[in-house]
Amino acid sequence: MSNYQVNEKGYYGDFGGAYIPEMMFPNIEELRLRYMEIINEDSFKKEFEQLLRDYVGRPSPLYLAKRFSEKYGANIFLKREDLNHTGAHKVNNTIGQILLAKRLGKKRIIAETGAGQHGVATATVCALMGIKCVVYMGEIDIQRQAPNVARMKMMGAEVRPASSGSKTLKDATNEAMRDWINNPVDTHYIIGSVVGPHPYPDMVARFQSVISAETRKQLLEKTGRETPDYAIACVGGGSNAIGMFYHFLDDEAVQLIAAEAAGKGVDSGHSAATSVLGQEGVLHGSRTILMQTTDGQVIEPYSISAGLDYPGIGPQHAFLHKIGRAKYVSITDDEAMQAGLLLTRMEGIIPAVESAHALAQLEKMSFKPSDNVVVCLSGRGDKDLDNYMKYFNF
Ligand SMILES: *Cc1c(COP(=O)(O)O)cnc(C)c1O
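Conventions used here
- Residues numbered from 1 in each chain as written.
- Predicted model: local features only at pLDDT ≥ 70, side-chain atom pairs only at ≥ 80, totals over all residues.
- Heavy atoms only, no water.
- Phe/Tyr/Trp six-rings, centres within 6.5 Å; stacked < 30°, edge-to-face > 60°.
- Helix = DSSP H or I, 4+ residues; strand = E, 2+ residues; numbered from the N terminus.
- Buried < 20%, exposed > 50% of the residue type's maximum accessible area, 1.4 Å probe, protein only.
- Patch = residues over 30% accessible without salt bridge, like charges linked within 9 Å, V, L, I, M, F, W, Y side chains within 5 Å.
- Areas by Shrake-Rupley, 256 points an atom, 1.4 Å probe, with all protein chains shown as cover.
- Salt bridge = Lys/Arg side-chain N within 4 Å of Asp/Glu carboxyl O.
- Near = heavy atom within 4 Å.
- Polar contact = N/O pair within 3.5 Å; in protein donor to acceptor, adjacent residues only side chain to side chain.
- Nonpolar A, V, L, I, M, F, W, Y, C, P; charged D, E, K, R; others polar.
- Domains from an automatic or database assignment.
- Contact = heavy atoms within 4.5 Å.
- Buried area = accessible area lost by both parts, 1.4 Å probe.
- Expected span 1.5 Å × (residues − 1).
- Arc of directions from axis to C-beta.
- Right-handed = clockwise from strand over helix to strand, strands pointing away.
- Pairing = 2+ DSSP bridges.

Visitor: Residues and numbers for the packing of aromatic side chains, please.
Guide: All told, the structure shown has 10 aromatic pairs when counted by the stated rule. With a centroid separation of 5.4 Å and 55 degrees between ring planes, the pair formed by F48 and F207 is classed as tilted. Here the residue F48 occupies a position in helix α2 (residues 42-56), and F207 occupies one in helix α9 (residues 200-208), the gap between them amounting to 159 residues. Judged by its relative accessible area of 12%, F48 is buried. In this structure F207 comes out as buried when scored by relative accessible area, which is 2%. Consider the rings of F392 and F394, whose centres lie 5.5 Å apart with planes at 25 degrees: the pair is stacked.

Here's what the structure looks like:
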């Protein structure tokens, strides 16, 4: 058993657990008692693998970026999650959770979404399975993210506006939790990252771990070694990063690097660099590190990338940060946008602005020529074209 995985009580060191209203206890308890047994069933594994292959298009390629490798003086490999159906890694998790929900006998799915990416990934698998889907989204986010709202509606999901508070992600989360408390028997709540009460962080990590499982095989084929020298990924809640790190955690020689969004700068007051600015506390049902005022109010995060605009990190990341197993770095908006343009111009790949944060870290490192570096390209940049065009004045 790995030292870096969740223990029987649902904790990673001091972090994790299930800090939930008592009325949510039955829902979480059902999930906690059943999730391992279900995802270890042969029929579950078979259906999950089949859908990842035939519907999502896995395995995603591990691409040796030739020109990037020359530039940075090492072998730079990109794990191409951007080539997945729906354009990012998020679908790995929603496929896993919808199969679990079916086996739990659930007839209805709820989710919350900020930028809309997780809402789209959830609406997609609900359409695939013919299951009713309600997505909670802050009123302001609904206005800001019109294309994703349109995608969800086209897939048949109902998008319910959260109109309390700041009318953004945390208000949508509150509404989703309220819904779940009121509908404990027929509804499953699909959380989109390695956050939330136990067992969500562990469950989502297991579904996303396909990223590093494939990477090991692909590295062996391409380099003769299963492990890289470095694995780099961006962190919002942290699901693509945990997916990228998962099967390397016990290989201590692999240096794990997580890129957080510094926004306009760590000290600018417009940032989402949780590991630098955060303290220990409870967010979204688990004990973790989050950005909060001295009296415990959550600080509104900022990043140019909607997917990294989250005030916390998942509890496993809080743990890996605290014990030093993974290194957490801060990347500004400017650094990320430049890295996104550079990949586009040198490799012909437009990355999601989230993923560009991981790429920007390459600029700050020096490598040996023999180093094998894997960067998780968590998503494609089509959704960010407006963002890029405004930034660069195209
Ligand atoms: C949502 C998203 C992220 C951030 O989520 P994690 O859970 O931290 O992975 C990163 N990249 C892309 C492309 C996303 O859509």
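We are not done yet, so read on.
Visitor: Can you tell me about a nonpolar patch on the surface, naming the residues and giving the values?
Guide: A contiguous nonpolar surface patch, about 370 Å² in accessible area, is contributed by I350, L385, M389 and F394. Structurally, F394 can be placed in the segment after α16 (385-392).

Visitor: Give me the site of the ligand: which residues, what numbers.
Guide: Around the ligand, a shell composed of 16 residues is seen, among which K90, S193, G236, G238 and S239 lie nearest. Between the ligand and the protein, one listed contact pairs an oxygen atom with a side-chain N or O atom of H89 at 2.9 Å. Measuring from an oxygen atom of the ligand, one finds a side-chain N or O atom of S193 at 2.6 Å. With the chains in place, 97% of the 380 Å² that the ligand exposes on its own is no longer accessible. Here the residues of the shell around the ligand sort into three nonpolar, 11 polar and two charged. Inspection of the shell around the ligand shows a minimum of three residues originating in each of domain 1 (19-51 + 90-204) and domain 2 (57-88 + 209-392).

Visitor: So what's going on with the domain arrangement of the protein? Which residues, and what values?
Guide: Under the domain assignment used here, the protein contains domain 1 (19-51 + 90-204) and domain 2 (57-88 + 209-392). Averaged C-alpha coordinates put domain 1 and domain 2 at centres separated by 23 Å. Contact residues are listed per partner, giving 25 residues for domain 1 and 24 residues for domain 2. Contact with domain 2 buries area across many residues of domain 1, yet Y19, N92 and V194 alone supply 28% of it, more than any other trio. Remark: the boundary between domain 1 and domain 2 carries one salt bridge.

Visitor: Tell me what's going on with α2, and back it up with residues and numbers.
Guide: Compared with an ideal rise of 1.5 Å per residue, which puts 15 residues at 21 Å, α2 spans 20 Å between its outermost C-alpha atoms and is within 8% of the ideal. Regarding α2, the residues found buried are F44, F48, L51, L52 and V56. Buried residues of α2, seen end-on, are gathered within an arc of 100 degrees and therefore sit on one face of the element. In α2, the exposed residues that point more than 90 degrees away from the buried face are D42, K46, E49 and D54.

Visitor: Can you tell me about the environment of L169, naming the residues and giving the values?
Guide: One can find L169 in helix α8 (residues 169-182). Here the alpha-carbon distance between L169 and S330, two residues 161 residues apart in the chain, equals 22 Å. Apart from residues lying up to four places away in sequence, L169 is in contact with E112, T113, G114, D141 and Y310.

Visitor: Provide a residue-level description of the pairing of strand β9 (residues 230-234), including the pertinent values.
Guide: Most of β9 is tucked away: five of the five residues are buried. Every second residue of β9 is oriented toward a common face, with Y230, I232 and C234 on one face and A231 and A233 on the other, all of them buried. In this view, the connection linking β9 to its parallel neighbour strand β10 (residues 255-263) by way of helix α11 (residues 239-245) has right-handed handedness. Taken together, the three bridges between β9 and strand β14 (residues 372-377) define a ladder with parallel strand orientation. Bridge pairing links A231 to V374 in β14.

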